[in-house]
Amino acid sequence: SQQGEEDPQALSIQEGENATMNCSYKTSINNLQWYRQNSGRGLVHLILIRSNEREKHSGRLRVTLDTSKKSSSLLITASRAADTASYFCATGSGGDDKIIFGKGTRLHILP
Amino acid sequence: NAGVTQTPKFRVLKTGQSMTLLCAQDMNHEYMYWYRQDPGMGLRLIHYSVGEGTTAKGEVPDGYNVSRLKKQNFLLGLESAAPSQTSVYFCASSYDSNRQPQHFGDGTRLSIL
């Protein structure tokens, strides 16, 4: 069963704009991860944020985590054509050896 | 450094045939995972392994078997393929359970006729 649910399911923006994707989950977590998947390829890890962290940055990426609302957001600033991909959140819970993926957000950057 | 390598990349099977998908990683990771990805469903965990000689069931294990005889390899078997198993299969590995990122292969696209 899916733990994380991304919102929106699909997003189209102009190149140079910022893109924001959200992830909501249901149970308590130890950490939350974001992955990118380009068409026809495997997933690539972007950022891992732990439950005691509120925000993390990596280049043009900013991830926030609000454990009280059981939600996370991924912000991509100054989007580029190469950012066109699907983005997935995945949650890890204590004592578990696996992570559970959401269904993803399809991001399309328009030239 | 190849990371995670999956073979084959594509395969077409007839209903009832069997096959094995191979996943190999060169990062000395303990944890390995098999997922399937279907349109609109995200990734669903089939089986996983927490070390050489171990396997465990994931969310959708029925119709699949796995083996981890060597630390670097994780095999996924379909004993009697069914059309419902048409999917893209991804293998991933991780250094430390859910506390570290997973590294993915590029997938095996499997069609069952």
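How each quantity is defined
Residues numbered from 1 in each chain as written. Chains lettered and ligands numbered in written order. Predicted model: local features only at pLDDT ≥ 70, side-chain atom pairs only at ≥ 80, totals over all residues. Heavy atoms only, no water. Helix = DSSP H or I, 4+ residues; strand = E, 2+ residues; numbered from the N terminus. Rg over C-alpha atoms; globule rule 2.2 N^0.38 Å. Buried < 20%, exposed > 50% of the residue type's maximum accessible area, 1.4 Å probe, protein only. Contact = heavy atoms within 4.5 Å. Core = buried A, V, L, I, M, F, W, Y, C linked by side-chain atoms within 4.5 Å. Buried area = accessible area lost by both parts, 1.4 Å probe. Salt bridge = Lys/Arg side-chain N within 4 Å of Asp/Glu carboxyl O. Polar contact = N/O pair within 3.5 Å; in protein donor to acceptor, adjacent residues only side chain to side chain. Nonpolar A, V, L, I, M, F, W, Y, C, P; charged D, E, K, R; others polar.

Novice: Where do I start with the overall build of chain B in this structure?
Specialist: Scanning chain B from N- to C-terminus turns up zero helices and 11 strands. When the helices and strands of chain B are listed from N to C terminus, the series reads β-β-β-β-β-β-β-β-β-β-β. Relative to the globule expectation of 13 Å for 113 residues, the C-alpha radius of gyration of chain B, 13 Å, shows essentially globular dimensions. Split into buried and exposed, the 113 residues of chain B put 50% on the buried side. Long-range pairs, those at least 24 residues apart, make up 54% of the contacts in chain B between residues at least 6 apart in sequence.

Novice: What exactly am I supposed to notice about the nonpolar core here?
Specialist: Side chains that are nonpolar tend, in soluble globular proteins, to be buried together. With 21 residues, the main nonpolar core has A:M21, A:L32, A:W34, A:L74, A:I76, A:Y87 and A:L107 as its most contacted residues. At the level of secondary structure, the elements contributing two or more residues to this core comprise β3 (19-24), β4 (31-37), β5 (43-50), β7 (61-66), β8 (71-76), β9 (85-92) and β11 (105-110) of chain A. Membership of the second largest hydrophobic core comes to 18 residues, among which are B:C23, B:I46, B:Y64 and B:F74.

Novice: Is there a simple way to think about the interface of chain B and chain A in this case?
Specialist: By a widespread convention, an interface's size corresponds to the accessible area lost as its parts come together. Facing 24 residues of chain B, the contacting portion of chain A comprises 23 residues. In this assembly, chain B packs against chain A so that about 1900 Å² is buried in total across both faces, 46% of it on carbon and sulfur atoms. Scanning the region where chain B abuts chain A turns up one salt bridge. The salt bridge partner of B:D106 is A:R41, with a shortest N-O separation of 3.1 Å. In this structure, the connection of chain B to chain A is made through 12 residue pairs in polar contact (both at pLDDT 80 or more). Those elements giving two or more residues to the side of chain B that touches chain A turn out to be β4 (31-38), β5 (42-49) and β10 (102-104) of chain B. Element by element, the count of residues in the side of chain B that touches chain A is highest for β5(B), at five residues. Among the residues making up the side of chain B that touches chain A, the classes are represented as 11 nonpolar, eight polar and five charged.

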